[in-house]
Amino acid sequence: MTGSDQRNLMSGAIDGIYHIVEIRGEDLLHVLSCQKSVHRRDFALRIDRPTTLRHGLDLGSSNEPVQRMNLAVDITFADIVQIDQRQLADPAAGQSFDHPGPDSADSDYADMGSAKTLKSRRSIEPTNAAKPKVKICLRIRHIRKRSSPIRRIFPPLASGFAASPLGAMSLNELFTLTARQLCLCILPFAQGMKITDLNRDGGIGSNSLLVELGGYTFVVDAGLHPKLTGNAAVPNFDFIGDREIDFVIVTHCHLDHIGSLPVLLKQHPKARVFMSLPSQMLVERMLHNSCNVMKRQKEEKRIPEYPLFTHDDIDGISGRFEPLKYKDPLRLELHGEMLTITLYQAGHVAGAGGFQIEHGSKTYFFTGDVLFDDQRVLNGARFPKAKKFDAMVIETTRGETERPEGKTRESEVKRLLKQVGQTIREGGSVLIPVFALGRMQELLSLLNDARKDGRLPRCPVYGAGLGLDIADYFDQITKRTQLINYTRRVTKELRLKRPPRKLTPGKEPGEPGVFVLSSGMLVERTPSYMVASTLLASTKNAICFVGYCDPDTPGGKLLETRPGQTYLFDVLDYQCPVLAKVDRFELSGHADRDEILNFALAAEPKSIVLTHGDPGAREWFAQQLEAADHPVRVIDPEPLETIEIL
């Protein structure tokens, strides 16, 4: 530092708040104060000369004489390690500062265990009398730069803030206040992303993640558990406490991801809500249907807290839904802190998205529910390729399912259509249980294509319920966004019929045909459940599952029942032998486990968090990731247990 620099600094002539003047050694960064008040939460650095830190961080060049960086800092003073009673005058000005200690009546400290956090923004005034030189530990929690990310530039230092006065502490752990200059040692305090699974039971259910990143707090999805009822089906939003949610990201519109969204938004009225445009067009219809179901269940199952929200509640939050375009970054700024969200098409269902979060020097990726294969109605995932992430949060739904060699989505579609055609030609009926959102529209399109080109004989095709309403929404999404390929023409060409209103277990419907009905897991009292009770006891019929079935649902139990064994339709008080052909076709909306594994490993993250999967599925992913050549920290979080990714 030149004498001219010193004179300018002491006179306050330097325009910036803090001025980088030099770097000493590998770890020490010196910053000089340019104003009296040095205790501030937010301040800036001004660089007016080329300065390059070790490890290749360029803080300036001759072509860019001035850059400004915003720093967000939390200054935490550990125990004062030494007060040197010698009278040390500042070499430049012959003055020193009076810095009150923690026991001074003039100080403003708040106890934080063994450390003390200085809350005061008191100015430190110079005095003519020589004062003690105070050495204090300092942590800086966040460092960010507007123009480009600042990466970690210092190796981690050993912990030991409560160590003995100077013996166990290096110079890198101290800073000194003298005169009107602050010589500051910046310690690499690694504050990463904190994630808490709000799903009370973990696994697949009321999907919701609480994420804390820097000064931001947000929630990913807010679902309802499909196998539970009442408040037990809702994520544990009480865990959020008095944290203020800045925004919610909706990955897609299946109810296990959006079913409790009105509950969350009622508790956090200022939170913004981000989702894709197709999801914005679908979400209200899905929530209104859920409200109707809860009203019915309130009477049928005597659930006093139902409905958890009303139609008015849904209408009240609809204006807060903000659509994001795929691959179009959204930049947020909160108190000078930047965060960027980029949504990518996930393929799972119309509107589904995985997303990338950029914060400081870190990049994180959440897959959401993902399918890489193209479908008839929807393209597969279009995730970023050849990109590296610091950490990833991945779904593990199909971790326990190994796709047999040679079995592809195309071959499974052919096998399904062959089974449907054979059953119809032999005078039987086919039930295809489907999810109302996505799977129904996909199957209707496949059946229509096959019938038009002669692969299927003409026969009645039955459909009903929410899925047909969603088909109309798909028509609108196709016309407005071109992100899916479905129009009302499919429904018209199939001449879709409503199934008979009155169905008697054990008695087949009048005219054989193909029944494409929800729910996909044969949930009790749904159309697919009722029709299954009429078809199962006949050898000429077939029930074809085309999606994931939870083992505890009626559909999952039927798949585990061997031919000839008795199956119980519990709520109908009806049982019969399994005589119809029951089969599963690999047309899941979730990617194969190897596809997700390969995508994750290619991104070379330091940490991977496992979500949305049963214990066995997560275990498979954990074993494969831990055995990979690329070293990665695998985290399988327990419900309501906060984990941190550095």
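Residues numbered from 1 in each chain as written. Predicted model: local features only at pLDDT ≥ 70, side-chain atom pairs only at ≥ 80, totals over all residues. Heavy atoms only, no water.

A. Quick peek at the overall build of the chain. Check the secondary structure of the chain and you find 13 helices and 35 strands. When burial is assessed residue by residue, the chain has 55% of its 646 residues classed as buried. For the chain, contacts bridging at least 24 residues in sequence account for 71% of all contacts bridging at least 6. Total accessible area on the chain stands at roughly 28,800 Å², and carbon and sulfur atoms take up 47% of it. (Helix = DSSP H or I, 4+ residues; strand = E, 2+ residues; numbered from the N terminus. Buried < 20%, exposed > 50% of the residue type's maximum accessible area, 1.4 Å probe, protein only. Contact = heavy atoms within 4.5 Å. Areas by Shrake-Rupley, 256 points an atom, 1.4 Å probe, with all protein chains shown as cover.)

B. Structural view of the pattern of salt bridges. Following the criterion strictly, the structure yields 25 salt bridges and no others. The partner of Glu586 in a salt bridge is Arg398, with the nearest N and O atoms 3.0 Å apart. Highlighted residues: Glu586 in the loop between β32 (581-584) and α12 (593-602) and Arg398 in the loop between β25 (391-395) and α6 (409-425), separated in sequence by 188 residues. Pair check on accessibility: Glu586 and Arg398 agree, each one buried. Ionic pairing is found between Arg398 and Asp592, a salt bridge with its closest N-O pair at 3.2 Å. Here Arg398, found in the loop between β25 and α6, pairs with Asp592, found in the loop between β32 and α12; they are 194 residues apart in sequence, far enough to count as distant. Like Asp592, Arg398 is buried. What emerges from the salt-bridge pattern is a single network uniting Arg398, Arg403, Glu586 and Asp592. (Salt bridge = Lys/Arg side-chain N within 4 Å of Asp/Glu carboxyl O.)

C. Representation of the sheet that holds strand β26 (residues 430-433) in the model. With respect to topology, five strands assemble into an open sheet ordered β27-β28-β26-β29-β32, the strand pairing being parallel. For this open sheet the edge positions go to β27 (461-463) and β32, each flanked by a neighbour on one side alone. Along the sheet, successive strands turn relative to each other by an average axial angle of 15 degrees, direction set aside. Relative to the sheet, helix α7 (residues 439-452) contacts β26, β27 and β28 (514-517), its axis offset from that of β28 by approximately 155 degrees. (Pairing = 2+ DSSP bridges. Axes fitted to C-alpha atoms, helices over the stretch in contact; angles between N-to-C directions.)

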